[in-house]
Amino acid sequence: GRYTFPSGTVYNGLFLDGQFHGEGSLTFPGGGTFHATWHKGKMVAGSYDFKDGLSYSQKDWEYCSAGDRRFFSEHVDGLRPAGDAQVTNEHPPPRLPSGMYDVGDGYLDPQEGKVYSFSHRVLRVASDEEKRWARSKCRVGTA
């Protein structure tokens, strides 16, 4: 079966009495997918694949760790030459409008308090916590 959540997340898989049961996957609007085995609505085993193909592993996780801060694409494609810095997993990074904050799946307009996709579609209204995080941690577009 298939179920689409109001957030746009889509579950494809088996159901039992209206609950996830057996094999199924949740695909998130940002492109990541969680593959899992479910028992009466509860996940019993699962794995997550990011949009760029990186698979999360609780054991032996080497991506962006304290000892190695490279992006996944740098693991796959190698490091960029000197002077061609990679500031996001995508290279070149998406263009940010001036004064907007890169929040990963799009950009935050701090005046409107909304997050837009890089194709300028409204994704969500940012929470106060997301706004604080973006202002303190994210790259900002310049003119």
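See above for the structure.
Residues numbered from 1 in each chain as written. Predicted model: local features only at pLDDT ≥ 70, side-chain atom pairs only at ≥ 80, totals over all residues. Heavy atoms only, no water.

> What is the right way to read helix α2 (residues 128–137) from this model?
Residues lying three or four places apart along an α-helix face the same way, a consequence of the helix completing one turn every 3.6 residues. Residues of α2 that are buried include every one of E130, K131 and A134, and no others. Each buried residue of α2 lies within a common arc of 100° when the element is viewed along its axis, so the set occupies one face. Opposite the packed face of α2, turned more than 90 degrees from it, sit the exposed residues D128, E129, R132, S136 and K137. In this structure, the buried side of α2 is in contact with β6 (101–102), β7 (107–109), β8 (114–116) and β9 (122–125). (Buried < 20%, exposed > 50% of the residue type's maximum accessible area, 1.4 Å probe, protein only. Helix = DSSP H or I, 4+ residues; strand = E, 2+ residues; numbered from the N terminus. Arc of directions from axis to C-beta. Contact = heavy atoms within 4.5 Å.)

> So what exactly am I meant to see when it comes to the environment of V103 here?
Looking at the secondary structure, you find V103 in the loop between β6 and β7. Considered as a pair, V103 and A134 are 31 residues apart in the sequence and their alpha carbons are 6.4 Å apart. Those residues within four positions of V103 in sequence are excluded, and the remaining contacts are L108, V115, R124, E130, W133, A134 and C138.

> Looking at this model, I keep getting lost on the nonpolar core. Mind explaining?
A general feature of soluble globular proteins is that nonpolar side chains tend to end up buried together. With seven residues, the main nonpolar core is built from Y101, V103, L108, V115, A126, A134 and C138. Counting six residues, the second-largest nonpolar core is a separate cluster that includes F20, F34, A36 and W38. (Core = buried A, V, L, I, M, F, W, Y, C linked by side-chain atoms within 4.5 Å.)

> Which parts of the structure should I look at to understand the packing of aromatic side chains?
The relative placement of two aromatic rings is captured by the distance of their centres and the angle of their planes. Evaluated as defined, the whole model comprises 12 aromatic pairs. A centroid spacing of 4.9 Å and a plane angle of 80° characterise the contact between Y48 and F50, whose relative ring orientation is edge-to-face. Among the residues examined, F50 registers a relative accessible area of 32% and is labelled partly exposed. Through successive ring pairs, a cluster of aromatic residues spans Y3, F5, Y11, F15, F20, F34 and W38. (Phe/Tyr/Trp six-rings, centres within 6.5 Å; stacked < 30°, edge-to-face > 60°.)

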